[in-house]
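Architecture at a glance
Residues per chain are reported as follows:
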Amino acid sequence: MEEILYGTGVVLGIGIATVKVLSSDETDYLKQYEAGTPVLEASRLANAIQTASADLVQLKEAARVAGQQKQADIMDAHYTMVNDPELAATIATKIEQGIAAPQAVLAAAEEFAVLFDSMADSYLRERAADVRDVGRRLTRLLAGTGQIQYGFEPVVLSAQEIEPSLTAGMPEGQVRGMVLGRGSTTSHTIIIAKSRSIPVITGLGDAISRITSGMLAIVDGYTGQVILNPTPEHLAEYQEKAAAEAARKYQDSQVATLAAVTQSNTKIQLAANIGSPADMTAAIKQGAEGVGLFRSEFLFLGRDVPPNEEEQFIAYKAVAEQCGQHLCVIRTMDIGGDKPLHYLNINKEENPFLGLRAIRISLTRPELFITQLKAILRAAAYGNVAIMLPMIISTAEIAAARQYVNQARVELTKEGKSFGAAVPLGIMIETPAAAVIARELATECEFFSIGTNDLVQYTLAVDRGNPAVSSLYSHFHPAVLRLIDSVVKAGHEHKIWVGMCGEMAGDLLAAPLLTAMGFDKLSMNAPAIPRIKEVIRRFDDEQMRQVLVKALTLKDANDIRGLLIEFVQQAE
C-alpha cells in the first residue's frame, strides 16, 4: 500500500529506486571481534590507519578529477583527522589499558566528538560529526566489515544519518536518492550529495523507521515527499518526470559552453569557484567563464610553514593562464574561523568566526599579506587577474589593504620582477555591516562579490551547522534577499560590477531572482554551471523581474522557495 512521508527537500531532483537502509550500529561485528594482545591491537590499528589514509587519498583525488572540489576538501580534512597524533595517542592509551582496538577507537573518537559538541563555534561543532565518521571508518576496517555492498541495481539510501565518507564512496550514478531522519542542511553529507546531483530529503525524524530495505521509493527533492510502494499511476507519473529531468541534464551538458543569455538578450557571466589549479580542467569543461573565487587558502593549509612567494606565484599563474581572456578572481587568504592554522599562533577564541580571521589576519601579519600580494601581482602578468579581500566591514580596511598592494608593487619593481600593471581590487560582502554600508564601500573598490554562506548566517543569527536550528537557515529569507538587492543597487550606482560566490549562486531556484536583481557575475561549483545557464536562458527579463517583485513582497522563506519552484518548473 502506498504511503507518503514528508520531510524537507535539501537537494532538488527526482529519484526512484529500491531502498537500502544503512545502519551505523557495529554491535554485531564488534561482538565477533577477537581481541589480541595490546601489541597486536596496536599493530592492527596502525594497519587500519594506513588503509584508511590510502582510501581517503583515493577518494580525494577522484573527487578533484570529477570537479567536486568540496568533496575533495572534506576527504582531505578526514585524512588529517585519521592521522591526528592526539587522536592516535588517546587510542593507544586505551589499547595499553587492555581495550580492544575497535572499542578503543570508538571511545576515543566519541571523547573528541563530545569536546567538539560543547564548543560555541559552529565550525568546530560540525567537526564532531567528522571525528565520529573517522572513528567508524577505522572501526569498520578493524572489524573487517569493509565498505557497504551496494549490489548492481539503483538504490535509494535511508538512514537517520549518513556519514560523509560513505557518501563520498558511493558508486557513481547508482544512488538515486537519499532520505535522512536528521542532519544539518549544510552538513558535509549534503554538500557531497549536492555536488553529485543526488536528491536528498532530510528531517523525517522517527518516521524514518517506517522505511525498510526492499521497498520501492520515490524521492521528490522538490516537495520533500518520500513515496513508499507507489501506486502504478504515481510511479508512471514520476518515471516520466525523472526521464524529463535526465533528458534536461543531458541537454544542459551539451550546451554547457554557450553563454547564459536571457530571452531578452541580457547576459550574465557564470564563473567557477575553485580551490587549486587542478580544478580548472573540469571547470572549463562545464562551461566556466573564468574564476569568480580562487580560494587561495588551500596553499596555506596542511603544512607547518606558510607558502613562500614563488610557490604561490606558480599556482596563481597556472590558473590565470587557463582562464585565458576571462577574469581570475583570487581571494586573499581566508584563514581563521573555520580554517585555523597552528603556525599563526593565534590565541584560542571563544568564537573564531567573530574573531581574528581573513582580512583581519592579513592586516596584522603584513609579512604574509605582502608575500601573497606580490605573488598575485606577478601572476597578473600572465592573465586577467583581480584581488578580492574577504570579511571587509569598513572603508579603512580597504584603504589599508590598498597601501599594502602599492607596497608590494614597489618591492617587485625594486626586485626587477614583472607584474600586472592594473589589477582590480574588490571585496566580499559577507557581513550585514558591509551590506548596510555598501554605498560607502563601493567608492573604495572596483567590484563586489557577495559571499552568501556567512551573510545568511550572520544576518539570521543561525548556526548553519547546528541541526537544531539549521532549518531556519535560508538564503531566501526576506531580510537576506533585501540586503542582497540593496548591495547590487549600491554597486551599480557607483559603476562597479557585482557578483556572487556563495552557495546561493549555484542554486537553480535563485537564478531567476539573481538575474532580475542585475548581477553581472555568478560564481559557483563547476558542476552547477550548465544547469544554471539553462535556467537563465529559459526566461525573459520581464518574467524574472515579476517573480522578483513578487518574492520581495512575501514574508516567509518557505513561501518564496515555493514560488520559485513553481516558476522554474513552469518552463520544463
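Note that the structure is predicted; figures quoted are calculated from it, not measured.

Once that is clear, we can look at the overall build of the protein chain. Looking only at helices and strands, the protein chain features 22 helices and 17 strands. Across the protein chain, the fraction of contacts at a sequence separation of at least 24, relative to all contacts at a separation of at least 6, is 68%. For the protein chain, the exposed surface amounts to about 23,600 Å²; the carbon and sulfur share of it is 53%.

The subject of this paragraph is the nonpolar core. Among the nonpolar cores identified, the biggest contains 112 residues, and Tyr316, Phe448 and Phe519 are the most heavily contacted of them. A total of eight residues in this core trace back to one element, the largest contributor, which is helix α13 (residues 366-379). Ignoring sequence-local partners within four residues, the contact set of Tyr316 consists of Phe294, Ser296, Leu299, Phe300, Ile330, Gln372, Ala375, Ile376 and Ala379. Leu59, Ile95, Phe116 and Ala168 belong to the second-largest nonpolar core, a separate cluster that totals 29 residues.

If you walk across this open sheet you meet the eight strands as β1-β8-β7-β3-β4-β5-β6-β2, and the pairing is mixed. In this open sheet, the two edge strands, each paired with only one partner strand, are β1 (3-6) and β2 (8-11). Direction aside, the axes of adjacent strands within the sheet are offset by 30 degrees on average. Direction of pairing for strand β5 (residues 175-180) relative to strand β6 (residues 200-202): parallel, over a ladder of two bridges. Directly across from Val179, in β6, lies its bridge partner Ile201. Of the strands in this sheet, β2, β5 and β6 touch helix α8 (residues 188-195), which is tilted by about 60 degrees from β2.

Another point: the pattern of salt bridges. Taken as a whole, this structure holds 23 salt bridges when the rule is applied. One salt bridge in this structure joins Lys417 and Glu415, with 3.2 Å as the shortest N-O distance. For Lys417, a relative accessible area of 30% gives the class partly exposed. Across the salt bridge formed by Arg545 and Glu542, the nearest N and O atoms sit 2.8 Å from each other. Taken together, the residues Arg545 and Glu542, both in helix α21 (residues 541-553) and three residues apart, mark about one turn of the helix. For Glu542, a relative accessible area of 37% gives the class partly exposed.

A separate point is the packing of aromatic side chains. Taken as a whole, this structure holds five aromatic pairs when the rule is applied. Their ring planes at 85 degrees and their centres at 5.7 Å tell us that Phe294 and Tyr316 sit as a pair that is edge-to-face. Taken together, the positions of Phe294 in strand β11 (residues 291-295) and Tyr316 in helix α11 (residues 309-323) put the pair 22 residues apart, joining distant regions of the chain. Under the relative-accessibility criterion, Phe294 is labelled buried at 0%.

For the rest of this paragraph, the subject is helix α22 (residues 557-569). The terminal C-alpha atoms of α22 lie 18 Å apart, and with 13 residues this matches the ideal 18 Å at 1.5 Å per residue to within 8%. Turning to α22, its buried residues are Ala557, Ile560, Leu563, Leu564, Ile565, Phe567 and Val568. Looking at the buried side of α22, the elements it contacts are α18 (478-493), α19 (511-517), α20 (529-538) and α21.

In this section: the packing of helix α17 (residues 452-460) against α18. Look at α17 against α18: their axes get within 10 Å of each other, and the N-to-C directions meet at 125 degrees. Judged on the interaxial angle alone, α18 and α17 are oblique. Taken as a pair, α17 and α18 cross one another with a handedness that is right-handed. Touching Thr452, Leu455, Val456, Thr459 and Leu460 of α17 are Ala479, Val480, Leu483 and Ile484, all from α18. In terms of residue class, the contact of α17 with α18 is made up of seven nonpolar, two polar and no charged.

The next subject is the side chain of Gln372. Its place among the elements puts Gln372 in helix α13. Exposure remark for Gln372: the relative accessible area of 0% places this residue in the buried category. Within the structure, the side chain of Gln372 is placed 2.8 Å from the side chain of Ser296, a separation counted as a polar contact. Residues contacting Gln372, with those up to four places away along its chain left out, are Ser296, Phe300, Gln312, Tyr316, Arg331, Thr332 and Met333.

Topologically, Thr139 is positioned in helix α6 (residues 122-143). Given a relative accessible area of 1%, Thr139 falls into the buried group. When the C-alpha positions of Thr139 and Ala101 are compared, they lie 8.0 Å apart, and in sequence the two are 38 residues distant.

Our focus in this paragraph is the environment of Glu111. Mapping Glu111 onto the fold places it in helix α5 (residues 101-117). Accessibility expressed as a relative area gives 42% for Glu111, which makes it partly exposed. Residue contacts for Glu111: discarding those within four places in its chain leaves Thr90 and Lys94.

Helix length check: α13 (14 residues) gives 20 Å between terminal C-alpha atoms against 20 Å at 1.5 Å per residue, within 8%. Burial analysis of α13 places eleven of its 14 residues in the buried class, the great majority of the element. The set of residues buried in α13 consists of Leu368, Phe369, Ile370, Gln372, Leu373, Lys374, Ala375, Ile376, Leu377, Arg378 and Ala379. Looking at the packing, one finds that the buried side of α13 touches α11, β12 (327-331), α12 (359-364), β13 (384-389) and α14 (395-414).

This part covers the pairing of strand β3 (residues 14-21). Sheet topology note: the β3/strand β7 (residues 216-220) ladder contains five bridges and is antiparallel. In the strand pairing of β7, Ile16 is matched with Ile218. Both β3 and strand β4 (residues 155-159) contribute to a ladder of four bridges, which runs parallel. The residue bridging Val19 from the neighbouring strand is Val156, located in β4.

About the criteria used
Residues numbered from 1 in each chain as written. Predicted model: local features only at pLDDT ≥ 70, side-chain atom pairs only at ≥ 80, totals over all residues. Heavy atoms only, no water. Helix = DSSP H or I, 4+ residues; strand = E, 2+ residues; numbered from the N terminus. Contact = heavy atoms within 4.5 Å. Areas by Shrake-Rupley, 256 points an atom, 1.4 Å probe, with all protein chains shown as cover. Core = buried A, V, L, I, M, F, W, Y, C linked by side-chain atoms within 4.5 Å. Buried < 20%, exposed > 50% of the residue type's maximum accessible area, 1.4 Å probe, protein only. Pairing = 2+ DSSP bridges. Axes fitted to C-alpha atoms, helices over the stretch in contact; angles between N-to-C directions. Salt bridge = Lys/Arg side-chain N within 4 Å of Asp/Glu carboxyl O. Phe/Tyr/Trp six-rings, centres within 6.5 Å; stacked < 30°, edge-to-face > 60°. Expected span 1.5 Å × (residues − 1). Parallel < 35°, antiparallel > 145°, perpendicular 65-115°, else oblique. Left-handed = near helix turned anticlockwise from the far one by under 90°. Nonpolar A, V, L, I, M, F, W, Y, C, P; charged D, E, K, R; others polar. Polar contact = N/O pair within 3.5 Å; in protein donor to acceptor, adjacent residues only side chain to side chain.

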